[in-house]
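# Structural overview for review
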Amino acid sequence: MAAEGPATRRVQVAEHPRLLKLKEMFNSKYGSIPKFYVRAPGRVNIIGEHIDYCGYSVLPMAIEQDMLIAVEPVKTQTLQLANTNPLYLDFSTSANNIQIDKTKPLWHNYFLCGFKGIQEHFGLSSLTGMNCLVDGNIPPSSGLSSSSALVCCAGLVTLTVLGMNLSKLLAKYRGLQWDKVLRLEEVQAKLGVSLEEMLQITEDTLHPEPYSPEEVCRCLGISLQELRTQILSPNIQDVLTFKLYQRAKHVYSEAARVLQFKKICEEAPDNMVQLLGELMNQSHASCRDMYECSCPEVDQLVDICRKFGAQGSRLTGAGWGGCTVSIVPADKLPSFLANVHEAYYQRSDQDFTFEKQSLFATKPGGGALVFLEA
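The structure reproduced in this document is the subject of the present report.

Rules behind the numbers
Residues numbered from 1 in each chain as written. Predicted model: local features only at pLDDT ≥ 70, side-chain atom pairs only at ≥ 80, totals over all residues. Heavy atoms only, no water. Helix = DSSP H or I, 4+ residues; strand = E, 2+ residues; numbered from the N terminus. Buried < 20%, exposed > 50% of the residue type's maximum accessible area, 1.4 Å probe, protein only. Contact = heavy atoms within 4.5 Å. Phe/Tyr/Trp six-rings, centres within 6.5 Å; stacked < 30°, edge-to-face > 60°. Lys NZ or Arg CZ within 6 Å of the ring centre and 35° of its normal. Pairing = 2+ DSSP bridges. Axes fitted to C-alpha atoms, helices over the stretch in contact; angles between N-to-C directions. Parallel < 35°, antiparallel > 145°, perpendicular 65-115°, else oblique. Left-handed = near helix turned anticlockwise from the far one by under 90°. Nonpolar A, V, L, I, M, F, W, Y, C, P; charged D, E, K, R; others polar. Salt bridge = Lys/Arg side-chain N within 4 Å of Asp/Glu carboxyl O.

## A look at the overall build of the protein chain
Looking only at helices and strands, one finds 13 helices and 10 strands in the protein chain. A total of 374 residues make up the protein chain; the buried ones form 39% of that total. Contacts spanning at least 24 positions in sequence make up 69% of the contacts within the protein chain whose residues lie at least 6 apart.

## Section: the packing of aromatic side chains
Two aromatic rings, taken as a pair, are described by how far apart their centres are and by the angle between their planes. Enumeration according to the criterion identifies four aromatic pairs in this entry. Each ring, one from Phe-26 and one from Tyr-30, has its centre 4.7 Å from the other, and the planes form 50 degrees; the classification is tilted. With a gap of four residues between them, Phe-26 and Tyr-30 both fall in helix 1 (residues 17-30), about one helical turn apart. Assigned by exposure class, Phe-26 and Tyr-30 land together as buried. An angle of 50 degrees between the planes, with centres 6.3 Å apart, marks the rings of Tyr-88 and Trp-107 as tilted. Here Tyr-88, found in the loop between strand 5 (78-83) and strand 6 (91-94), pairs with Trp-107, found in helix 2 (residues 107-121); they are 19 residues apart in sequence, far enough to count as distant. Its end group placed over the ring of Tyr-291, Arg-247 keeps NZ or CZ at 5.6 Å from the ring centre.

## Notes on unusual backbone geometry
Phi is positive for His-50, close to 60 degrees, though the residue is something other than glycine. With respect to the secondary-structure elements, His-50 resides in the loop between strand 3 (36-47) and strand 4 (59-74). The class of His-50 is buried, set by a relative accessible area of 11%. We note that Ser-145 has phi near 65 degrees; this positive angle belongs to a residue other than glycine. Relative to the helices and strands, Ser-145 resides in the loop between strand 7 (129-136) and helix 3 (146-162).

## Description of the pairing of strand 4
As paired strands, strand 3 and strand 4 are joined by 10 bridges and run antiparallel to one another. The residue of strand 4 that forms the bridge with Arg-39 is Leu-68.

## Here we look at the packing of helix 5 (residues 184-191) against helix 9 (residues 244-267)
For the pair helix 5 and helix 9, interaxial distance at closest approach is 10 Å and the crossing angle is 70 degrees. Judged on the interaxial angle alone, helix 9 and helix 5 are roughly perpendicular. The interaxial crossing formed by helix 5 with helix 9 has right-handed handedness. Of helix 9, the residues touching helix 5 (which contributes Leu-184, Val-187 and Gln-188) are Ala-248, Val-251 and Tyr-252. Residues that form the contact of helix 5 with helix 9 fall into these classes: five nonpolar, one polar and no charged.

## Here's the deal with the pattern of salt bridges
Here the structure, examined in full by the defined rule, presents 15 salt bridges. In this structure, the salt-bridge partner of Glu-254 is Arg-257, at a minimum N-O distance of 2.8 Å. Of this pair, Glu-254 and Arg-257 are both found in helix 9, three residues apart, which corresponds to roughly one turn of the helix. For Arg-257, a relative accessible area of 8% corresponds to the buried category. Beyond isolated ion pairs, a larger network of salt bridges with shared partners links Arg-18, Arg-39, Asp-66 and Asp-135.

## Considerations on the packing of helix 7 (residues 213-220) against helix 8 (residues 224-231)
Between helix 7 and helix 8, the least distance of the axes is 9 Å, while the angle of their chain directions is 90 degrees. Here helix 8 runs roughly perpendicular to helix 7, going by the angle between their axes. Where helix 7 approaches helix 8, its residues Pro-213, Glu-214, Val-216, Cys-217 and Leu-220 are matched on the opposing element by Leu-224, Leu-227 and Ile-231. The residue inventory of the contact of helix 7 with helix 8, partitioned by class, reads seven nonpolar, no polar and one charged.

Listed below in structure tokens is the structure:
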């Protein structure tokens, strides 16, 4: 592959089985060949859970599994979407009259979000139509961002058709302001202390017992009405207890673990994998006990993964189900996969419809790309 630009590659499609198969399916579907292909990866959050919206960094990794779209711009204003998976039905609409039904989470709506987002941000009108065929190998509903990958693909498809540079879109977001959001990171920044010191401040300031709305009001010197209208979001208006100590402990300790993880990767000591695994294990314990976003099934899977060779294992994504991520030495991978499959999937009473997609190995993958045929 030779570089065409910052997010473009020229490829010999015949040398790439998946692209070649997609090209053939596209030709069978539309009676023509794609002009280009767009790829966006899924991602797994290695460490750093429920801290991003508190102002802290997380450490995600693009995975090898991805979304791939074959595209042909057309002279009409019709946007036609199809999927290689027969479970996802074809869809067609006007490129200049995008309507997204928020009550129905259909697959094509994710593409429409990316398409419409570019259209609105640049104030575009009279967009050309296109024929698109989508192929994905990211397990759905697994916390690996299959839907986000599809949205990213759609945005990159639209930019490519329009001949725009992705950097223009990125620059548009540089001025975002969060002044009205009081996040835990802002508390640390204003105090000018380290994360470790913030953990001690949490210990000294908050008590482990849950706070009632009335106690929160007394601490802040506000009324219940002010609490509900100025601080609480609509979906937590009726919450009767607030575990402030536990949530703050998780956020500050998890943010510190992310920085420790990064430092270990940079310094690469001999026992690096062991140290990284320990941080992942600590992260899961904090998610389970302090943030309470795990569940018995995930805890069981984490324990099984550690038992059969994972140096570290933890839930990833929002939690309450979903996905786990484990760091496993390459030489132990075959036995690890076989043993976890037998111990968790074969012996479980649950119905794993997508069992073959549920357990897989991956390595760090590349970012979003546009493929042009050489």
